[in-house]
Amino acid sequence: MAKVTYHLPDGEARTVEVPTGQSVMDGSVRNNLPGIVAECGGSCSCATCHVYLPAGAHAQFDDPTEEELELVEFLEGAQPNSRLACQLIISDQDEIHVEVVDSGL
Ligand code: FES
């Protein structure tokens, strides 16, 4: 379980508890938070779950797969710290912060 703080596109921040094994995307969708659309339901194909990780947070998660890297590469607003939230799986991290990127949908 981890406390995940979602820094939303409108400047608000919301913190929710997300169980181990779920993704950062699941935590957003299950709590009805705005910004993460998750059209494909987490199968790493829609890229509507784009988030930025703060400096140093990459070590909290597994490295992105080739599939994820290819999707992120073509996203508007892609940065070196871009990730797809459905690929960020919660283990026993204490606190996680992500910046939700407005997908424009
Ligand atoms: S939910 Fe579709 S790629 Fe993450």
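Just so it is clear, the structure is predicted and the values come from calculations on it, not from any experiment.

This part takes up the pattern of salt bridges. Applying the stated criterion across every chain, the model contains one salt bridge. Arg83 is the salt-bridge partner of Glu68, the closest N and O atoms lying 2.7 Å from each other. With Glu68 in helix α2 (residues 66–73) and Arg83 in strand β4 (residues 82–84), this residue pair connects regions lying 15 residues apart in the sequence. For the pair Glu68 and Arg83, a shared accessibility class is recorded, and that class is buried.

Before going further, it helps to spend a moment on the pairing of strand β1 (residues 2–7). The sheet contact formed by β1 and strand β2 (residues 13–18) spans six bridges and is antiparallel. Paired with Ala2 across the bridge in β2 is Val18. Linking β1 to β2, which pair antiparallel, is a turn of five residues; within it Gly11 sits at a positive phi near 95°. In terms of strand pairing, β1 meets strand β5 (residues 95–100) through five bridges, oriented parallel. Residue pairing across strands places Tyr6 opposite Val98, the latter belonging to β5.

Along the chain, Gln22 turns up in the loop between β2 and α1 (24–30). Looking at Gln22, the relative accessible area reads 17%, which means it is buried.

Rules used in this analysis
- Residues numbered from 1 in each chain as written.
- Predicted model: local features only at pLDDT ≥ 70, side-chain atom pairs only at ≥ 80, totals over all residues.
- Heavy atoms only, no water.
- Salt bridge = Lys/Arg side-chain N within 4 Å of Asp/Glu carboxyl O.
- Helix = DSSP H or I, 4+ residues; strand = E, 2+ residues; numbered from the N terminus.
- Buried < 20%, exposed > 50% of the residue type's maximum accessible area, 1.4 Å probe, protein only.
- Pairing = 2+ DSSP bridges.

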